Amino acid sequence: MHAIKIAVLLLILLTVSGCGQIASPGDLLHAPNLAGEEQSLYRSVQPFLPSGYQLTTPDQSDQGSAIRLADLNGDGEKELIVSYKKPDIDYEVNVLILSRQNGSWQKADLITGSGTNLDYLGIKPLIHSSSAELLLGYEGGGYGLPKELYIYSFANQKAVELLHRSYDQIAVGDLAGNGLNQIAIALPAAEPNDSPSQIEVLGEKSGKLAVLAERRTEGDVLNLQIERASEQRIGLFAQVLGTKRSGYTVLLAWENGRLGNVLSLPQSIYDKRSSRQNLKLDEPDYNPDLAVTEQKWWIDYPANNRDIDNDGITEVALPNPLPNTDEPTAQPQTWSDSYYRWDGNREMTFVEDRFWQWGYELRIPDRWLGHYRIELPKADDTTVSEVLFVYSPHEDPEGGSSALLLTLRQLSMEEWNRLRPLLENQQNEYVVLGSTGPAAPGSSSEVTVALLPDTDNNLTGAEAAEYEKLRLTADEVREMVGADTDEEEEANHNVEKH
Amino acid sequence: MLKSIRGRLLLQIGLLLLTIVLVLEVIFAAAVYTYYFDSARQIVQSRAVTAATLSNQFMEGYTLSERARYILENLVPSESSRVEVLDLQGRTIVDSYGFSSTQRIRTPDVRAAQQGGVGSYTGYSQAFKQRIMAVSSPLVSYGETIGTLRFSVSTEPLYREVAKLIGWAIAIGAAVLLLGFALSLIIARRIVDPVKELTAISRKMATGDFTARAARKHNDEIGLLAESLNYMNEELSKSEKMKNDFISTVSHELRTPLTSIKGWGETLVGGLEDEETTTLGLTIITNETDRLIGLVEDLLDFSKYQAGEIRMRSIPVDLNSLLRQLGIQYSQADIKRGITLSTNLPNEPLPMHADLNRLKQVFVNLLDNAIKFSDLNGEIRLTAVRQDLQVFVAVQDDGEGIPAEDLEKIGQRFYKGSSKMSGSGLGLAISKEIVRLHGGRISIESEYGVGTTVTVILPLAVAEPLNETAEQPDKPEWLL
């Protein structure tokens, strides 16, 4: 009987002590510990943040962190650069520099700038390759108001202002190829209602920061970028939206100690752009006034210059009309963005053609070039529910045979749920390109799909053979729309890349 | 171990408990795991979705880095999750610690958010060297996904808590098992101990200790067993007493004629000059020897019945003629002490299959008994009544009768009742056996001091022509 009593007592004890320590799931949640260095940096910054202040990040940056580790003064020891502000105060942004002394972080200097936000924060070697300058761009708040760029050097635990400039856009990079960085800024317009139309390049000259080059234009400067432009060269990309024609793209590169616009494209060659062949360039244009010459990389709309093929080199976009079926009046002109890579000399190499309209995105397969046209359903809606890519061996769209190569279609989730079983029944291949959540509350979500044609067509002989060569597999479609098949595999491994 | 009740009981209860405990443990573990992880996911998800919804509603049109900055600046100080704003490639624009990274996060939750849904993910993070749970919600501008808001928490505390609870559950389960084990030991002891006691007592009884009594502690099966053991012991002691009585009776019965024979023998040895005395002595010796032979035959007979060696040689006979013969024989004999026999028999024959000699032995025994117990000049009535296919043959006397307490035991072997009459006490037992072998039975009714009626009930054969020739000649009388 004693044994029973003891056991019951033990049981009650166990239960009570166990229950007393049960924690609710909510109490147990905490962020995963930061990896190594980040953790310690975050910890060491905390004591220096006044209460009520929060870390803040720049809108643009060479690196978007609120806490940066960089050697500003070139002494081999890195400093901590921390940006923070009080969220409810709209006119003060702080940048704190901490230096490591006697094994702990000490406050070196605090730069308090006036502005609503930090627009730009860069740490770049501008004057000496061994040290770095701190570039701070403050946003004044309000559209069209200029932003203010301050450049500081850091020495003897003090930040010293080197330069102050108002700007509208900024790009930083090793444009001159001398191991230092240069700053390109689009100056704000003289009048508040005007647009910026002047580009300045600032950089080291005789040990000091100075204006290295200037370019004037008659139109708005857009999309200022300093990026790798060819395998060897770094260039300043910009788009100018002018008044005369729709606009043009410039690629300014350092040539023989001078800044020249590489994209000097003769009209005769520009006119052949729809062939999507490589384009021969003329001598670069060194004129400080970009408006002087007519040999330009004309663009009908500002398509993004970007590294389209992920090779580290930024390609130049050229809006290019696509072959349509009917007279141009009957349906909207369709465009593709043709991307060209500079060879570093006098030629632009055709990279790829990308159809990018109404929310559709498709890289047009190289083997289709010259063999297809686009058909749109006859509707004058603002959105186009369907785009057909059609094989057409003949110049005249009305004559001869044709066959469907691919259909891109946007439809609501409900419609898609009705269509899908049909497709699966007929064993028609399709690729779901993506879906968006409801654009507005109450509206349904949209699905974009690519439908592969079935094999029925009225082609014969050589045409049928050629058509077969042009047809895409579902995997190719996925590749052409940028759906990364590698990622799917990784998802199965459940391993986080970080 | 399995040979004892205790071992089996322990094993069976142990197995049962183990099964129950295991099943409950598994259910508990699954429930706890589900509760913790689902709740955590819901908490993180609600935070992520709320934050993303706020951002989507109030910051439409802003760039992703502006929104990231706003999210960073307006983080709740108590935010327990790691918050990340990712671009469409999965690169961290900024996390809640102010860092950005060009490393791409491509877990399924991020992928789901990039597709416009809310995704969650649980797994091991190489970056944090621990298991995490992450929920991603899309950041949308004008209906288009521009980035991902990702909330992640470490699941290590959840795993620890779940492991702790499961540990407790296992400990409690083990305690329950131990308790069950102890209880079953006690139960086994409570079952086995009385059985052991009974075993000891029954051994004692077997050695002839008739005073041994099993104590009936509970009114259960064991109690019943104890009671029947006691009963058995009582019966054993009674039969022991009966046996002793019998031996003394038989010795007495044997000694009386032997004494007489011895006496007469000595007398005759003394001289045979008186012829009359010699003749008387020899007659008495012969009679007493006959009596001894009869007694020994009775004993032999009885032992044969006991051994089941007696076979009935049944043939079709007429019971009525047997009864008539007996009636005549006994009324003529004017046998002893002036007792008369009156008969009342039916006129028709009573056909049956029987061993007539054995049946005769039965009735002779009954009639002799009746005579033995009747008063001087008394009357004995022999009647037979037929009912359907049974016949009731009654032998009735007005003798001393049998006390009620003896009535049940009459007919058991060696039982002689309280009467002082001589006899082995085997006659009625043998008669009962014979009647039983004929498919009938004997019933005895008696009132002490009034008289006794012994009724033999025998089955009759279906009416068939009676074979008179089958009737056997009279056998010598049976004397008891």
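All values derive from a computational prediction rather than experimental measurement.

Caption draft 1: Inspection of the overall build of chain A at higher detail. From N to C terminus, chain A includes eight helices and 29 strands. Going through the 498 residues of chain A one by one, you find that 34% of them count as buried. Put simply, 48% of the contacts in chain A that link residues at least 6 apart link residues at least 24 apart.

Caption draft 2: Here's a closer look at the overall build of chain B. Looking only at helices and strands, chain B features ten helices and 13 strands. Taking all 480 residues of chain B together, the buried fraction comes to 30%. Long-range pairs, those at least 24 residues apart, make up 65% of the contacts in chain B between residues at least 6 apart in sequence.

Caption draft 3: View of the pairing of strand 25 (residues 372-375) of chain A. Residues and elements named next belong to chain A. On strand 25, burial covers both faces: Y372 and I374 on one face and R373 and E375 on the other are all buried. Judged from the four bridges that link them, strand 25 and strand 26 (residues 386-391) form a sheet pairing that is antiparallel. Paired with R373 across the two strands is V390, which belongs to strand 26.

Caption draft 4: Geometry of the confidence of the model for chain B. All names here are of chain B. On average, residues of chain B score 83 in pLDDT, and 91% of them are at 70 or above. Contacts for the low-pLDDT stretch residues 466-480, under 50 throughout, to residues beyond four places or in other chains number 24 contacts. Quick note on the complex model: pTM equals 0.63, ipTM equals 0.70.

Caption draft 5: Structural detail: helix 5 (residues 413-425) of chain A. Residues and elements named next belong to chain A. In this model, helix 5 (13 residues) spans 19 Å end to end at C-alpha, consistent with the 18 Å of a helix rising 1.5 Å per residue. The buried count for helix 5 comes to one of 13 residues, which makes it a mostly uncovered element. Phi for Q427, located one or two positions after helix 5, is positive at around 60°.

Caption draft 6: Expanded view of the packing of helix 5 (residues 221-270) of chain B against helix 6 (residues 275-307) of chain B. All names here are of chain B. Where helix 5 contacts helix 6, the two axes come as close as 9 Å, and the packing angle between them is 155°. What the angle tells us is that helix 5 and helix 6 run roughly antiparallel. The two elements helix 5 and helix 6 cross, and the hand of that crossing is left-handed. On helix 6, the residues touching E253, L254, P257, S260, I261, W264, G265, T267 and L268 of helix 5 are T278, G281, I284, I285, E288, T289, R291, L292 and L295. When the residues that make up the contact of helix 5 with helix 6 are grouped by side-chain class, the tally is nine nonpolar, six polar and three charged.

Caption draft 7: The arrangement of the packing of helix 1 (residues 5-58) of chain B against helix 4 (residues 156-206) of chain B in detail. Residue and element names in this part refer to chain B. Close contact between helix 1 and helix 4 brings their axes to 9 Å; oriented N to C, the two are set at 160°. In this view, helix 1 runs roughly antiparallel relative to helix 4, as classed from their interaxial angle. The crossing of helix 1 and helix 4 is right-handed. Within the contact of helix 1 with helix 4, the residues separate by chemical class into 28 nonpolar, four polar and three charged.

Caption draft 8: Region of interest: the confidence of the model for chain A. Residue-level pLDDT values for chain A average 78, and 82% of them are 70 or greater. For residues 484-498 of chain A, every residue scores under 50 in pLDDT, and the model assigns this stretch 24 contacts once sequence neighbours within four places are set aside.

Caption draft 9: Broad picture of the UniProt feature "transmembrane region" (unreviewed entry) in chain B. What UniProt calls "transmembrane region" (unreviewed entry) maps, in this numbering, to residues 165-188 of chain B. Within the segment residues 165-188 of chain B, helix and strand shares are 100% and 0% respectively, and the terminal C-alpha atoms sit 34 Å apart.

Caption draft 10: A look at the pairing of strand 10 (residues 158-167) of chain A. All names here are of chain A. In terms of strand pairing, strand 9 (residues 147-155) meets strand 10 through nine bridges, oriented antiparallel. Residue pairing across strands places S153 opposite V160, the latter belonging to strand 10. In this structure, the hairpin formed by strand 9 and strand 10 is closed by a connection of two residues, where N156 is found at a positive phi of approximately 50°.

Caption draft 11: How the structure looks around the sheet that holds strand 2 (residues 60-61) of chain A. Residues and elements named next belong to chain A. Here five strands make up an open sheet; going across it, the order is 2-7-8-9-10 and the pairing mixed. A single partner strand is all that each edge strand has here, and the edge strands are strand 2 and strand 10. Bridge count for strand 8 (residues 133-139) against strand 9 is five bridges, and the pairing is antiparallel. Following the sheet pairing, L135 is matched in strand 9 by I151.

Caption draft 12: Fine view of the nonpolar core. If you look at the biggest cluster of nonpolar residues, it comprises 115 residues, and the most contacted ones within it are V82(A), L134(A), A184(A), L251(A), V316(A) and V44(B). Ranked by residue count, the leading element in this core is helix 1 of chain B, at seven residues. Beyond its immediate chain neighbours, meaning those up to four positions away, L251(A) contacts A229(A), G235(A), F237(A), N261(A), V262(A), L263(A), V316(A) and W342(A). Formed by 35 residues, the second largest nonpolar core is a distinct cluster that contains L356(B), L359(B), V456(B) and L458(B).

Caption draft 13: Structural detail: the sheet that holds strand 11 (residues 390-397) of chain B. Residue and element names in this part refer to chain B. Read from one edge of the open sheet, five strands run 8-10-11-13-12, paired in mixed fashion. At either end of the open sheet lies a strand with only one pairing partner, and these are strand 8 (340-344) and strand 12 (441-447). If you compare each strand with its neighbour and ignore which way they point, the axes differ by 15° on average. As defined by bridge partners, strand 10 (residues 379-387) adjoins strand 11 across eight bridges and the pair is classed as antiparallel. For A384, the partnering residue across the bridge sits in strand 11 and is V393. Lying on the sheet, helix 8 (residues 356-373) is in contact with strand 10, strand 11 and strand 13 (451-459); it crosses strand 11 at an angle near 25°.

Caption draft 14: Inspection of the environment of Q198(A) at higher detail. All names here are of chain A. Among the structural elements, Q198 can be located in strand 13 (residues 198-205). In the structure, Q198 is positioned ten residues away from P188 in sequence and 7.9 Å away in space, judged by C-alpha atoms. When neighbours within four sequence positions are excluded, Q198 is seen to be in contact with L187, E214 and R216.

Caption draft 15: Looking closely at helix 2 (residues 64-73) of chain B. The buried fraction of helix 2 of chain B is high, at seven of ten residues. Buried residues of helix 2 of chain B: L64(B), S65(B), R67(B), A68(B), R69(B), I71(B) and L72(B), and no others.

Caption draft 16: Inspection of unusual backbone geometry at higher detail. Unusually for a residue other than glycine, N223(A) sits at a positive phi of about 50°. A count of 19 C-beta atoms within 10 Å places N223(A) in the partly exposed class. Of note, D388(B) is a non-glycine position whose phi angle comes to about 55°, a positive value. Position of D388(B) among the secondary structure elements: in the loop between strand 10 and strand 11. For D388(B), a count of 7 C-beta atoms within 10 Å translates into the label exposed.

Quick notes on the rules
- Think of each chain on its own: its residues are numbered from 1, step by step along the sequence as written.
- Lettering of chains starts at A and numbering of ligands starts at 1, both following the order in which they are written.
- Totals for whole chains, interfaces and linings use every residue, but because this is a predicted model, local features are given only for residues with pLDDT of at least 70 and side-chain atom pairs only at 80 or more, for both listing and counting.
- Helix and strand definitions here come from DSSP, where helices need a minimum of 4 consecutive H or I residues and strands a minimum of 2 consecutive E residues; each element is numbered from the N-terminal end.
- Think of it as a crowd count around each C-beta: if 20 or more other C-beta atoms lie within 10 Å the residue is buried, if 12 or fewer it is exposed, and in between it is partly exposed, with C-beta placed from the backbone throughout.
- By the convention adopted here, residues are in contact when the distance between their C-beta atoms, placed from the backbone, does not exceed 7 Å.
- When DSSP finds at least two bridges between two strands, those strands are taken to pair.
- pLDDT expresses, on a scale from 0 to 100, how confident the predictor is about each individual residue.
- Expected helix span is computed as 1.5 Å times (number of residues minus one).
- For helices, the fitted axis covers only the stretch in contact; all axes are lines through C-alpha atoms, and the angles between them, taken along N-to-C directions, range from 0 to 180 degrees.
- In these notes the angle categories are as follows: under 35 degrees is roughly parallel, over 145 is roughly antiparallel, 65 to 115 is roughly perpendicular, and the rest is oblique.
- Rotating anticlockwise by less than a right angle from the far helix to the near helix defines a left-handed crossing, while the corresponding clockwise rotation defines a right-handed one.
- In this classification, the charged set is Asp, Glu, Lys and Arg, the nonpolar set is Ala, Val, Leu, Ile, Met, Phe, Trp, Tyr, Cys and Pro, and all remaining amino acids, among them Gly, are polar.
- UniProt positions are given in the numbering used here, feature names are shortened, and annotations may be inferred rather than shown by experiment.
- Core membership is restricted to buried Ala, Val, Leu, Ile, Met, Phe, Trp, Tyr and Cys residues, and these are joined into a nonpolar core through C-beta atoms within 7 Å.

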